[in-house]
Amino acid sequence: MEACDLFDGMAAFERKRSGLGAGSTSADFLGQALWVTLAAVVVSGIGLLAGYTPTTARSFPSVEYIQLSFPLGWWLRGVHKFGTDLFVILAILRLIRLAYRRAYKFGGEFTWQAAVRLLLFGVFAGVTGYLLVWNQRAFWMGGSLAEAAESGGIFEQVYPLGGLGLSEWIPKGPLGDAAMSQGVLRGVFAAHIALGFLAMLAAFYLRTYPRKEVPHWRRYSNYVAPRVQWLVIGALTILALILPPPLGSHSDTLLKPYPILADWYFLWLYRLAEIVTPAVALTIVGLIFLIAMYLPWLDGSRRKGPRPVVTALIAASLITWMMLTLEGAGWELPNLASLVLTTLVWIIALVLGAFAENWRASGRGKKGDEEVRSP
Amino acid sequence: MKRLVVKSSRPGRYLRFRESCGRCVSLLEFYAARFFGETSNPFALTGALIVALMVVSAITGIAMLLHYTPTPETAVQSVRRLTDHVYLGSLVRALHRTSADLLVISILFHLFRNWATGRYTGPRSRNWVIGLLALPLIGIIGWSGYVLPWDERGMVLLAWGREIAYGPDQWPILGWLRPGSIIGWPLFSVSNEADQLLRIFALHVGGAFVAIWLVLRHLRPGTPPRARLPLAVWIGLALLLLVIAAMLPLENEDLLTFNPFGQPATVRVDALVSFPLLFYPIFGGSFLAFLILLVWIGLAWLPRFERRKVPAAVVSEIACTGCGLCYNDCPYGAIAMMPHRDPLKRSRGREIAKILLRSCNSCGICVGSCSFGAIELPALMTGEILSRIEGALRADRETTAKEHLSEGVV
């Protein structure tokens, strides 16, 4: 099915361009779905604003009111919640595809950076959104975030002037622990809306100034197939109907919550912070972000062919991410050594596979690797 | 190709008036350029100025979200606390107000300049209409910003806004269809005060999302225009904003707590943001809604009064080889490469250039780039096309090609 052509977005496009695939219009399922999902999340967020009150006393009751009696509130809330999840999944898949199609080079550098930023904004908007519900889970997650920021104190000891005095920004409760106050809630609310603005800008950049790798791409860059729209909106609506987003119970500062699982896209970070210290985990995250942002320039090769090393590294990091996520979710994996071993085996296999791909492509001639059409 | 040269359908008094206004704007720009310099002339950068002011408004607005609570009981107190007790709070509040005022001024000047210099016809009519959609939205956002403190002035403005929104219900014939109730339903169909404030808040913040999206669409067609301010203008703008914010600080005396039993005090409506409200005491809600609609439709209809003077480029199907040279050179993205119409050629992947009429500026660059003589501007002689291309090259060396070309066209 062409609409779900996830990893070869160009194939359907090229068929249409050459006039061979009659009726195939979907050039890029992931990009279109990402755009529609973001639009759905922003529009449902504007709707939720009309029912949500960002005060500690009334935020949980107002979310309950939205879920139970606000007109179409269940739909708005479901689309907002599951839309963010879908957004993160699609953004990750899109990054993988951009890397696999080596589209982060040769004019795609800033597209790649915008895609990385989009993922980052989506993830942080998700975290701040979970805090806004102000239930026990939000309380626990706020405490964890505050702890992470507290560990920024260690971070500052390791790297002088590195943490910008982060730990001093956390409001303290009477016992000296991080307090979840009205100020924190308002700050999180403001950050959530600011992240929404930023995600919208990054997505607009991605849609408006697409990469120049393929000629005539610009014509299709703004196109969203109706079936993609209906697929995304329909899936989100069905999810909102059969799986109402959990409400939990009102945040109780006297009741220390039993460790509740974070969002699925943060489980790996919790596991990593368990294995190494939180400060090291934060350093690793910062390094990953920096490397991801400057990957187009770190990969200095001018060759227009498959990139086995980068492909293998990305695949290996993906496998590691999945394993850490599974461990964070409570799966019992033997131990760290087996994890590393498995990853190594996968890397070797992928490098061999990528070299095989490279060899096959060079054997076929350069036609597939050069620009799609030459004058 | 029915007619080669389409004459302007209303060449009379309107066009002469518009062109004299355009001369005034050009003179203003010319003398301002002597003072500010060619590259950092704010009178030629009105669009970029609007984008910059929207950025300032968004940043100060998010900073104010850190302290504002949208509940009827605490809204006034939270704004007072922001003004008095928060470090730099009064400055942030004044900056938000000042940037909104300057935003409205620059939007109105941008509108006037682009109308007077004829930059709304032909391929630009889409930008014109999108901009006109954003204009009332920004006015409504300004109005809701004055309602948000939920003080006495906010309540009065809320009542005025409700009357204007429901105003169309009073119209003679259309009123039977209750258009005002349909317009007002999403904002005013609430049972209590808290919900009303939340609706206004959602309008203010959510409207900012929609306004930014519309402005991005407004910037978009063709190639990216000059949407980025030079550093010198940024610094000047920041200084101007700070000076105005310091000279006209926002005092807490403005925030009178609403007293439902007392007579409303004289309400000082800010003249710039949502300036049509100034006419509310004169005309009343119903007639003012009619006037606003009339002016809006008139402005949106303006591109219909003028047609393009030079028809779009034409491609010869026989001569076009589908090489894509014109596609690569067109600065407006007005050429698309399509599969060839002939099935045999199409099956071999042969393509043909197609002119997108809505985007073509008749600049002549594609005529110069075609090696096969397959594309031409039928209304122009070769010498004219050559001079246009030379002008474009010169303009490209001097500033950007797009501005000068579009001036030459309309």
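Residues numbered from 1 in each chain as written. Chains lettered and ligands numbered in written order. Predicted model: local features only at pLDDT ≥ 70, side-chain atom pairs only at ≥ 80, totals over all residues. Heavy atoms only, no water.

Undergrad: Could you clarify how one ought to interpret the overall build of chain A in this entry?
TA: Along its length, chain A carries 14 helices and zero strands. Mapped from its N terminus to its C terminus, chain A presents α and β elements in the order α-α-α-α-α-α-α-α-α-α-α-α-α-α. Counting across all 375 residues of chain A, residues that qualify as buried make up 49%. Taking all contacts inside chain A whose residues are at least 6 apart in sequence as the whole, residues at least 24 apart take part in 78%. (Helix = DSSP H or I, 4+ residues; strand = E, 2+ residues; numbered from the N terminus. Buried < 20%, exposed > 50% of the residue type's maximum accessible area, 1.4 Å probe, protein only. Contact = heavy atoms within 4.5 Å.)

Undergrad: How should I be thinking about the environment of Asp-263 of chain A in this particular structure?
TA: Residues and elements named next belong to chain A. The topology assignment puts Asp-263 in the loop between α9 (226–242) and α10 (267–275). Separated by 145 residues in sequence, Asp-263 and Leu-118 place their C-alpha atoms 18 Å apart. Residues in contact with Asp-263, not counting those within four places in the same chain, are Gly-126, Val-127, Tyr-130, Arg-137 and Met-141.

Undergrad: What exactly am I supposed to notice about α9 of chain A here?
TA: Each full turn of the α-helix corresponds to 3.6 residues, which orients residues three or four apart in the same direction. All names here are of chain A. A rise of 1.5 Å per residue sets the reference length of α9, with its 17 residues, at 24 Å; its end C-alpha atoms lie 24 Å apart and thus fit the reference within 8%. When we look at burial in α9, the residues that qualify are Val-228, Val-232, Leu-236, Thr-237 and Ala-240. All buried residues of α9 lie within an arc of 155° about the axis, which places them on one face of the element. For α9, the exposed residues lying more than 90 degrees away from the buried face are Trp-230, Ile-238, Leu-241 and Ile-242. At its buried positions, α9 is contacted by α2 (29–49) and α4 (73–100). (Expected span 1.5 Å × (residues − 1). Arc of directions from axis to C-beta.)

Undergrad: Explanation requested: the confidence of the model for chain A in the structure shown.
TA: Where the model shows low pLDDT, its predicted coordinates should not be examined in detail. All names here are of chain A. Residues with a pLDDT of 70 or more make up 62% of chain A, whose mean pLDDT is 72. Within the model, the stretch residues 19–27 combines pLDDT values under 50 with 22 contacts to residues more than four positions away or in other chains. Segment residues 364–375 is flagged for pLDDT under 50; beyond a separation of four residues in sequence, or across chains, it makes 18 contacts in the model. (pLDDT = per-residue confidence, 0-100.)

Undergrad: How should the pattern of salt bridges be read in this particular structure?
TA: Pairing of side chains with opposite charge becomes possible as their charged atoms draw close. Inspection of the entire model under this criterion finds five salt bridges over all chains. Between Arg-58 of chain A and Glu-73 of chain B there is a salt bridge; the shortest N-O distance is 3.6 Å. Note that Arg-58 of chain A is positioned in the loop between α2 and α3 (59–68) and Glu-73 of chain B in the loop between α2 (46–65) and α3 (75–84), a pairing that runs across two chains. With relative accessibility at 32%, the residue Arg-58 of chain A sits in the partly exposed group. With a shortest N-O distance of 3.8 Å, Arg-178 of chain B and Asp-169 of chain B are connected by a salt bridge. For Asp-169 of chain B, a relative accessible area of 12% puts it in the buried group. (Salt bridge = Lys/Arg side-chain N within 4 Å of Asp/Glu carboxyl O.)

Undergrad: For this particular structure, what's the right way to read the packing of α2 of chain B against helix α8 (residues 193–219) of chain B?
TA: Packed helices, taken two at a time, are described by the angle their axes make and the gap between the axes. All names here are of chain B. Across the interface, α2 lies against α8 with an axial gap of 12 Å and an inter-helix angle of 155°. Comparing the axis directions of α2 and α8 gives the class roughly antiparallel. Note on packing geometry: the crossing formed by α2 with α8 is left-handed. Residue-level inspection shows Val-51, Met-54 and Leu-65 of α2 in contact with α8, the latter providing Phe-201, Ala-211, Ile-212, Val-215 and Leu-219. (Axes fitted to C-alpha atoms, helices over the stretch in contact; angles between N-to-C directions. Parallel < 35°, antiparallel > 145°, perpendicular 65-115°, else oblique. Left-handed = near helix turned anticlockwise from the far one by under 90°.)

Undergrad: Would you take a moment to explain unusual backbone geometry for this structure?
TA: For residues besides glycine, phi is generally negative; the peptide bonds are generally trans as well. Backbone geometry places Leu-72 of chain A, a non-glycine residue, at a positive phi of 60°. Position of Leu-72 of chain A relative to the elements: it lies in the loop between α3 and α4. Located in the positive-phi region is Leu-88 of chain B, a residue other than glycine, with phi close to 65°. Mapped onto the elements of the fold, Leu-88 of chain B is located in the loop between α3 and α4 (89–116). On the basis of relative accessibility, which here comes to 46%, the residue Leu-88 of chain B falls in the partly exposed class.

Undergrad: What is the right way to look at the packing of aromatic side chains in this model?
TA: Two measures describe an aromatic ring pair: the distance that separates the ring centres and the angle between the ring planes. Residue and element names in this part refer to chain B. Scanning all chains against the criterion turns up 22 aromatic pairs over all chains. Summarising the aromatic geometry, the rings of Trp-160 and Tyr-280 are spaced 4.6 Å apart at their centres and angled 25° between planes, so their arrangement reads as stacked. With a gap of 120 residues between them, Trp-160 in helix α6 (residues 152–165) and Tyr-280 in helix α10 (residues 280–283) connect regions that are remote in the sequence. Residue classification places Tyr-280 among the buried positions, given a relative accessible area of 11%. Judged by centre distance (6.2 Å) and plane angle (35°), the rings of Phe-279 and Phe-283 are tilted. Overall, Phe-279 belongs to the partly exposed group, its relative accessible area being 39%. (Phe/Tyr/Trp six-rings, centres within 6.5 Å; stacked < 30°, edge-to-face > 60°.)

Undergrad: Help me understand the environment of Arg-23 of chain B in this model?
TA: Residue and element names in this part refer to chain B. Position of Arg-23 relative to the elements: it lies in helix α1 (residues 13–36). Take Arg-23: its relative accessible area is 53%, and that puts it in the exposed class. Expressed as a C-alpha distance, the spacing of Arg-23 and Glu-376, which sit 353 residues apart in the sequence, is 32 Å.

Undergrad: Explanation requested: the environment of Ser-189 of chain B in the structure shown.
TA: Residues and elements named next belong to chain B. Position of Ser-189 relative to the elements: it lies in the loop between α7 (179–188) and α8. Note on Ser-189: relative accessible area 31%, which makes it partly exposed. Spatially, the C-alpha atoms of Ser-189 and Arg-199 are 9.4 Å apart, while their sequence positions differ by 10 residues. What Ser-189 contacts, discounting residues up to four positions off in sequence, is Gly-184 and Arg-199.

Undergrad: What should I look at first to understand the confidence of the model for chain B in this one?
TA: Residue and element names in this part refer to chain B. Confidence along chain B averages 83 in pLDDT terms, with 86% of residues attaining 70 or more. Note that residues 400–410 has pLDDT below 50 and, in this model, 29 contacts with residues that lie over four places away or in other chains. Here the prediction assigns the complex a pTM of 0.79, and the interface score ipTM is 0.77.

Undergrad: Is there a simple way to think about a nonpolar patch on the surface in this case?
TA: All names here are of chain B. There is a patch of nonpolar side chains on the surface, built from Leu-108, Phe-275, Leu-278, Phe-279, Ile-282, Phe-283, Phe-287, Phe-290 and Leu-294 and spanning about 800 Å² of accessible area. Elements with a contribution of two residues or more to the nonpolar patch: α10 and α11 (285–301). The residue Phe-283 is located in helix α10 in this model. Owing to a relative accessible area of 35%, Phe-283 belongs among the partly exposed residues under this scheme. (Patch = residues over 30% accessible without salt bridge, like charges linked within 9 Å, V, L, I, M, F, W, Y side chains within 5 Å. Areas by Shrake-Rupley, 256 points an atom, 1.4 Å probe, with all protein chains shown as cover.)

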